[in-house]
Amino acid sequence: MLETYIPTILFVVISWGSFLVKPDMVPGRMVLLVTNLLSLITMFEAVRASSPPALGVKSVDVWLLCCIMFVFLALLEYLFVLYKMIDPDSCEMFTKLFRPGNNENSSAVSPAGLRVNSQISTKSRLDPFHRKLKNFFCSRVYYNSKWCYMDKISIVCFPVLFIIYNIVYWTVYVERRNEVLKDSYDCS
């Protein structure tokens with residue numbers, strides 16, 4: 001337990017430190033995240049090689065894969081922040097993907113039989129969910145002296161999700177372990 005669980009928890013917690021680094025400091029942030037990701041992958045391979053073979057998925061495999069996923073998601077978050085910083089026209093991608101109808105300048109026939117230009121603003125045609133999604137994708141990444149908006153959200157969401165994952169994982173782990181122990185005592 002000390003050889004696997006504690007170090008992986010520390011790797012995941014250290015990856016959250018990348019949210020405290022300014023987005024424009026690419027080398028520092030990328031080194032932190034990629035090194036953590038590669039370390040976790042190496043640890044995963046070492047644990048799989050040293051553990052006895054099993055028919056199903058082992059709980060330590062689930063743990064390690066989820067820890068790798070948390071660090072990978074932190075890396076994806078940073079890539080998204082970089083994309084928003086570099087591409088000032090990222091809003092165009094959203095409007096092309098979620099435009100209601102095939103043609104923005106399509107014309108329609110009115111009840112009187114006249115052709116009318118049905119060019120309505122995209123904002124008025126989007127339902128509330130797509131409007132919020134557009135605001136999220138079309139907002140620029142503004143950051144003050146330390147953080148951008150995405151990092152502020154991530155510094156709260158990642159630890160909360162990891163705590164929830166820990167509660168679920170350890171609850172299921174303890175219940176399954178107790179079932180196995182109970183079954184082994186019943187057979188003897």
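Residues numbered from 1 in each chain as written. Predicted model: local features only at pLDDT ≥ 70, side-chain atom pairs only at ≥ 80, totals over all residues. Heavy atoms only, no water.

(A) Main features of a nonpolar patch on the surface. On the surface, Val156, Val160, Leu161, Ile164, Val168 and Val172 cluster together to form a nonpolar patch covering roughly 500 Å² of accessible area. For Ile164, the position within the fold is in helix H7 (residues 149-187). (Patch = residues over 30% accessible without salt bridge, like charges linked within 9 Å, V, L, I, M, F, W, Y side chains within 5 Å. Areas by Shrake-Rupley, 256 points an atom, 1.4 Å probe, with all protein chains shown as cover. Salt bridge = Lys/Arg side-chain N within 4 Å of Asp/Glu carboxyl O. Helix = DSSP H or I, 4+ residues; strand = E, 2+ residues; numbered from the N terminus.)

(B) Main features of the environment of Ile41. Following the sequence through the fold, Ile41 ends up in helix H2 (residues 26-50). You can call Ile41 partly exposed: its relative accessible area is 35%. For the pair Ile41 and Leu64, spaced 23 residues apart in the sequence, the C-alpha separation amounts to 8.3 Å. (Buried < 20%, exposed > 50% of the residue type's maximum accessible area, 1.4 Å probe, protein only.)

(C) Inspection of the pattern of salt bridges at higher detail. Counted according to the given criterion, the structure contains three salt bridges. Linking Glu77 and Arg29 is a salt bridge whose minimum nitrogen-to-oxygen distance equals 3.3 Å. One end of the pair, Glu77, is in helix H3 (residues 59-86); the other, Arg29, is in helix H2, and 48 residues separate them in sequence. The class of Arg29 is buried, set by a relative accessible area of 0%. As a salt-bridge pair, Asp151 and Arg29 come within 2.6 Å of each other at their nearest N and O atoms. Of this pair, Asp151 sits in helix H7 while Arg29 sits in helix H2, and the two are 122 residues apart along the sequence. Summarising the burial analysis for this pair, Asp151 and Arg29 share the class buried. In this structure, a network of salt bridges that share partners links the residues Arg29, Glu77 and Asp151.

(D) Just the side chain of Ser18, in detail. Positionally, Ser18 belongs in the loop between helix H1 (5-16) and H2. With residues up to four places along the chain from it excluded, the contact list for Ser18 reads Arg29, Leu32 and Leu33. (Contact = heavy atoms within 4.5 Å.)

(E) Structural detail: the packing of aromatic side chains. By the definition in use, this model includes 16 aromatic pairs. Both rings, one in Tyr5 and one in Trp170, keep their centres 5.0 Å apart while their planes meet at 55°; by these two values the pair is tilted. Of this pair, Tyr5 sits in helix H1 while Trp170 sits in helix H7, placing them 165 residues apart in sequence. Seen in terms of ring centroids, Tyr169 and Trp170 are 5.0 Å apart; in terms of plane orientation they differ by 85°. Their pairing is edge-to-face. Each residue in the set Tyr5, Trp16, Trp63, Phe70, Phe162, Tyr165, Tyr169, Trp170 and Tyr173 is aromatic and connected to the rest through ring pairs, giving one cluster. (Phe/Tyr/Trp six-rings, centres within 6.5 Å; stacked < 30°, edge-to-face > 60°.)

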